[in-house]
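Inside the fold
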Amino acid sequence: MRSRRWPVPLFDFGEVMFSTDRREVERVVIRCGGDAMLVSDTALGQSFALPWRGRHLFLIGVYDGNPATVAHECAHAAFYICDAAHVRVDTALANETFCYLLSHLVERCLATRS
């Protein structure tokens, strides 16, 4: 699996796209008017309003295969989705702390499985 798209959960105003292909994510970022330099070597969480379609695209890219990185980027996407849905969150505040905390919790939980 390289990428998948699905409707935004709980709210029907756009799509979530998940990809494990860094080059594909770069192409989507550029097509949406973003800066491909923001795409890191391991992951990306980004939100785009698509005015020509009247929809939003919430892009999640994870290239290191780590479930904790997936959790981290999904947390960013959840903040972006809530913000776009006018659910009260501040996307500029403690999100990074929350996302890193979540990724560490997921890592610890998954480590107990082995």
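Now for a quick tour of the structure.

What counts and how
- Once a new chain begins, its residue numbering starts again from 1 and follows that chain's sequence as written.
- Local features are withheld for residues below a pLDDT of 70 in this predicted model, meaning they are given only at 70 or higher, and side-chain atom pairs are given and counted only at 80 or more; totals for whole chains, interfaces and linings count all residues.
- Hydrogen atoms and water are omitted, and side-chain values are computed over all heavy atoms in the structure.
- Per the convention used, a helix needs a DSSP run of H or I reaching at least four residues, while a strand needs a run of E reaching at least two, with both numbered from the N terminus.
- C-alpha atoms define the radius of gyration in this analysis, and the globule rule sets the expected value at 2.2 Å times the number of residues to the power 0.38.
- For each residue, the accessible area found with a 1.4 Å probe, counting protein chains only, is set against the maximum for its type, and the residue is called buried under 20%, exposed over 50%, and partly exposed in between.
- Residue contacts are defined here by distance: any two heavy atoms, one from each residue, within 4.5 Å place the two residues in contact.
- Note on areas: these come from Shrake-Rupley sampling with a 1.4 Å probe, and a residue is covered only by the protein chains present in the view.
- Two residue types count as positive, namely Lys and Arg, and two as negative, namely Asp and Glu; His and chain ends fall outside the count.
- For charged residues, the charge sits on one atom: NZ in Lys, CZ in Arg, CG in Asp, CD in Glu.
- Cysteine sulfur atoms are paired as a disulfide whenever they come within 2.5 Å of each other.
- Note on geometry: axes are lines fitted to C-alpha atoms, helical ones only across the stretch in contact, with angles between N-to-C directions running from 0 to 180 degrees.
- Rotating anticlockwise by less than a right angle from the far helix to the near helix defines a left-handed crossing, while the corresponding clockwise rotation defines a right-handed one.
- Lys, Arg, Asp and Glu make up the charged group, whereas Ala, Val, Leu, Ile, Met, Phe, Trp, Tyr, Cys and Pro make up the nonpolar group; the residues left over, Gly among them, are polar.
- Strands were regarded as paired on the criterion that DSSP finds at least two bridges between them.
- The length a helix should cover is 1.5 Å for every residue beyond the first.

**As for the overall build of the protein chain**
In terms of helices and strands, the protein chain carries 3 helices and 4 strands. Secondary structure elements of the protein chain occur, N-terminal to C-terminal, as β-β-α-β-β-α-α. What you see for the protein chain is a C-alpha radius of gyration of 14 Å, in line with the 13 Å of a compact globule of 114 residues. For the protein chain, buried positions account for 35% of its 114 residues. Across the protein chain, the fraction of contacts at a sequence separation of at least 24, relative to all contacts at a separation of at least 6, is 42%. Per element, the accessible surface of the protein chain, about 7200 Å² overall, is 56% carbon and sulfur. Measuring between centres, the 12 positive side-chain charges of the protein chain sit 6 Å from its 13 negative side-chain charges.

**Remarks on the state of the cysteines**
Across all of its chains, the model carries 0 disulfides by this definition. No disulfide involves Cys 74; its sulfur sits 9.8 Å from the nearest other cysteine sulfur, which is in Cys 99.

**Observations regarding the packing of helix 2 (residues 67–84) against helix 3 (residues 95–111)**
Interaxial distance between helix 2 and helix 3 falls to 8 Å at its minimum, and their mutual angle equals 145 degrees. Viewed along their axes, helix 2 and helix 3 form a crossing whose handedness is right-handed. Residues Pro 67, Ala 68, Ala 71, His 72, Ala 75, His 76 and Phe 79 of helix 2 pack against Asn 95, Glu 96, Phe 98, Cys 99, Tyr 100, Leu 102, Ser 103, Val 106, Glu 107 and Leu 110 of helix 3. Looking at the contact of helix 2 with helix 3 residue by residue, the class counts come to 11 nonpolar, 4 polar and 2 charged.

**Observations regarding the sheet that holds strand 1 (residues 3–7)**
A sheet is described by the order of its strands in space; here 4 strands give the open sequence 1-2-4-3, paired in mixed fashion. If you trace the sheet from one side to the other, it starts and ends with strand 1 and strand 3 (43–50), each paired once. Neighbour-to-neighbour, the strand axes of the sheet open up by a mean angle of 15 degrees, direction not taken into account. Both strand 1 and strand 2 (residues 14–19) contribute to a ladder of 5 bridges, which runs antiparallel.

**Details of helix 3**
With 17 residues, helix 3 ought to run about 24 Å at 1.5 Å a step, and its terminal C-alpha atoms sit 24 Å apart, in line with that. Buried residues along helix 3 sit against helix 2.

**Considerations on unusual backbone geometry**
The phi dihedral of Leu 10 falls on the positive side, at around 70 degrees, and the residue is not glycine. Relative to the helices and strands, Leu 10 resides in the loop between strand 1 and strand 2. For Leu 10, a relative accessible area of 84% gives the class exposed. Look at His 86: it is not a glycine, yet its phi comes out positive at around 65 degrees.

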